[in-house]
Amino acid sequence: MAKKVVATLKSGTGKEFAKVIKMVKSPKSGAYQFKEGMVNNEHVKDFFDKK
């Protein structure tokens, strides 16, 4: 399944997106969690700016 996703992202339309991973500290336990997503290249800064 992963090979198919990677092949799709390398095509013409897939180059407009980036996989982003953000580390967020949990207010309850203090442990770190990772939030990840596929966002348009123009919205990468917005993904990291919002809490």
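Computed from a prediction, not measured in an experiment: that's the story for all the values here. Per chain, residues are indexed from 1 in the order of the written sequence. Whole-chain, interface and lining totals are the exception, using all residues; otherwise, since this is a predicted model, local features are given only for residues with pLDDT of at least 70 and side-chain atom pairs are given and counted only at 80 or more. Side-chain measures here rest on the full set of heavy atoms in the structure, leaving out hydrogens and waters.

**Notes on the pattern of salt bridges**
- We define a salt bridge as a contact between a side-chain nitrogen of Lys or Arg and a carboxyl oxygen of Asp or Glu at a distance within 4 Å. Taken as a whole, this structure holds one salt bridge when the rule is applied.
- A salt bridge links Glu36 to Lys19; the nearest nitrogen and oxygen atoms lie 3.5 Å apart. In this pair, Glu36 sits in strand 2 (residues 32–40) while Lys19 sits in strand 1 (residues 17–25), placing the two residues 17 residues apart along the sequence.
- Partly exposed describes any residue whose relative accessible area lies between the buried limit of under 20% and the exposed limit of over 50%, with all areas from a 1.4 Å probe on protein chains only and scaled to the type maximum. Residue Glu36 is classed as exposed on the basis of its relative accessible area, which comes to 52%.
- Note on Lys19: relative accessible area 56%, which makes it exposed. Secondary structure elements are defined from DSSP: runs of H or I of at least 4 residues count as helices, runs of E of at least 2 residues count as strands, and each element is numbered from the N terminus.

**Some remarks on the side chain of Lys22**
- Note that Lys22 resides in strand 1.
- Despite its burial, Lys22 pairs with no opposite charge; the closest candidate is Asp49, at 7.6 Å N-O.
- A distance of 3.4 Å separates the side chain of Lys22 from the backbone oxygen of Phe47, its partner in a polar contact. The positive count covers Lys and Arg only, the negative count covers Asp and Glu only, and His and the chain ends enter neither. Polar contacts here mean pairs of N or O atoms no more than 3.5 Å apart (in protein, one a potential hydrogen donor and the other a potential acceptor; neighbouring residues in sequence count only if both atoms are side-chain atoms).

**Re the side chain of Ser26**
- Note on placement: Ser26 falls in the loop between strand 1 and strand 2.
- Beyond its immediate chain neighbours, meaning those up to four positions away, Ser26 contacts Ala31 and Gln33. By definition in these notes, contact holds between two residues if any of their heavy atoms fall within 4.5 Å.

**Structural notes on a nonpolar patch on the surface**
- Residues qualify for a patch when their relative accessible area is over 30% and they have no salt bridge, like charges being joined within 9 Å and the nonpolar side chains of Val, Leu, Ile, Met, Phe, Trp and Tyr within 5 Å. Note that accessible areas follow from Shrake-Rupley with a 1.4 Å probe, and for residues the cover is restricted to the protein chains shown. On the surface, a nonpolar cluster with roughly 490 Å² of combined accessible area is contributed by Ile21, Met23, Tyr32 and Phe34.
- Turning to its location among the elements, Phe34 is positioned in strand 2.
- Classification of Phe34 by relative accessible area gives exposed; the value is 59%.

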